[in-house]
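Close look at the chain arrangement
Residues per chain, in single letters:
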Amino acid sequence: MEEKGAENGVAAMADCYQGFDPAVYLQNNYTPPLADLERKDSLLSWNLACLHRAFTEGNVSGELLVDIGSGPTLYQVMSGCEVFNKVLLTDFLEVNRKELRSWLQDEGGGSLDWTPFLQHVCKLEGRQPSAWTEKAARLRQVIMDIVPIDVHRPQPLALDVLPSAGADCLVSCYCLESASPDLAAFTRALGHIGRLLRPCGHLLLFGTLGMSYYIAGPDLKIPTIPLNEAQVCASLKESGYTLIRLEVYTLPQDTNVWFDDSSRMFFVKAMKV
Ligand code: SAM
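Structural notes, computed from the coordinates. (Residues numbered from 1 in each chain as written. Predicted model: local features only at pLDDT ≥ 70, side-chain atom pairs only at ≥ 80, totals over all residues. Heavy atoms only, no water.)

Overview of the sheet that holds strand β5 (residues 197–209)
Heads up, the condition is: Should DSSP find at least two bridges between two strands, the strands are regarded as paired. Elements are defined by DSSP. Helices are runs of H or I of four residues or more, strands are runs of E of two residues or more, and each kind is numbered from the N terminus. Every angle, taken between N-to-C directions, lies between 0 and 180 degrees, and every axis is a line fitted to C-alpha atoms, over only the stretch in contact when it is a helix. We call two residues in contact whenever any of their non-hydrogen atoms come within 4.5 Å of each other.
Taken together, the 7 strands give an open sheet; going across it, the order is β3-β2-β1-β4-β5-β9-β8, and neighbouring strands pair in mixed fashion. Each edge of the open sheet carries a strand with a single partner, namely β3 (143–148) and β8 (241–250). Between one strand axis and the next, the sheet turns by 15 degrees as a mean value, whatever way the strands run. Relative to strand β2 (residues 86–91), strand β1 (residues 64–68) runs parallel, the two sharing 4 bridges. Along β2, the bridge assignment pairs Leu-65 with Val-87. Where helix α4 (residues 94–104) meets the sheet, its contacts fall on β2 and β3, and the angle it forms with β3 comes to roughly 165 degrees.

This is the structure in structure tokens:
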């Protein structure tokens, strides 16, 4: 009975996502005010700084980085692509994978210009912003594929996608709490993705705190789990991770957003036990 309820919750989320519009999502979340890269206190400046630090402080390394629930975005692998020789992008929806393929194949006509993000990460790395073309080329070189994923399946990726040893590092941004019907499903999803990671591999996880919905299409309000920090920590522990660091960011008071009801986000660096 309980199992059926859990299945129904996951199926309802999957239905909801059928209306996801990458262009609307990118416009809402990856343009100012959230992505005002001129402001050090903007959300995206914080996201990129966290990732830069995590990937350069030395202990996150290996061959393969897997991004879980990439959506239509690329900012989350712009630091990691300098450390890992292989990057795998994944998403549940073909519309998002198509958006990513269009950037990868340099077709033009994508819904967002990633140049300012590439320039910003170059600056974080102490390079000239003009080095963004080299970073874009590096990213295109290391992205090995863009594949379907379902974090609610015990085996989230097709069997032959990863080497048997698993990935060296997972990054996942704003996916699990946005794709899960409840806290139990969020915790299970953390466990499922952990199976993709080698022992002692790292998980870099961003999420929103206290968010109950976000707008992802002209008429689409996606319900989400309003997590708190204690729940995130407990779910990580239950799913086989050791927490290394949890940071919390609060949107500046003058940042007005209408497309979700959250003003706090977390970043976690954890290790698979
Ligand atoms: N990672 C991107 C970012 O940082 O903006 C996108 C986050 S978006 C809020 C949530 C993503 O979760 C969407 O791209 C959606 O397609 C994906 N998603 C929804 N259901 C999923 C599932 N069952 N398994 C994996 N990803 C899922």
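What to know about the site of the ligand
The line we're drawing: What makes a residue near a molecule or strand is one non-hydrogen atom of that residue sitting within 4 Å of it. The term polar contact refers here to a pair of N or O atoms within 3.5 Å; inside protein, the definition further demands a hydrogen-donor-capable atom paired with an acceptor-capable atom, and it admits residues adjacent in sequence only when both atoms are side-chain atoms. For the accessible areas, the method is Shrake-Rupley and the probe is 1.4 Å, while residue cover comes only from the protein chains on display. Any residue outside Ala, Val, Leu, Ile, Met, Phe, Trp, Tyr, Cys, Pro, Asp, Glu, Lys and Arg is labelled polar, Gly included; the first ten of those are nonpolar and the last four are charged.
The immediate surroundings of the ligand are formed by 22 residues, with Tyr-25, Tyr-30, Gly-69, Tyr-75 and Asp-91 found nearest. Backbone polar atom of Val-151 to a nitrogen atom of the ligand: 2.9 Å apart, as the coordinates give it. The separation between a nitrogen atom of the ligand and a polar main-chain atom of Cys-173 is 2.8 Å. Starting from 580 Å² of accessible surface for the ligand in isolation, the protein chains cover 98%. Taken together, the residues of the shell around the ligand break down into 13 nonpolar, 7 polar and 2 charged.

A few points about unusual backbone geometry
Quick note on the threshold: Relative accessibility under 20% of the residue-type maximum defines a buried residue, over 50% an exposed one, and the middle range a partly exposed one, all with a 1.4 Å probe and only protein chains included.
Across the junction of Pro-32 and Pro-33, the peptide omega takes the value 10 degrees, indicating a cis bond. At Tyr-174, a residue that is not glycine, the phi angle is positive and equals roughly 55 degrees. Within the secondary structure, Tyr-174 is located in the loop between β4 (167–173) and α7 (176–179). We classify Tyr-174 as buried; its relative accessible area is 12%. Backbone geometry places Cys-200, a non-glycine residue, at a positive phi of 70 degrees. Along the chain, the position of Cys-200 falls in strand β5.

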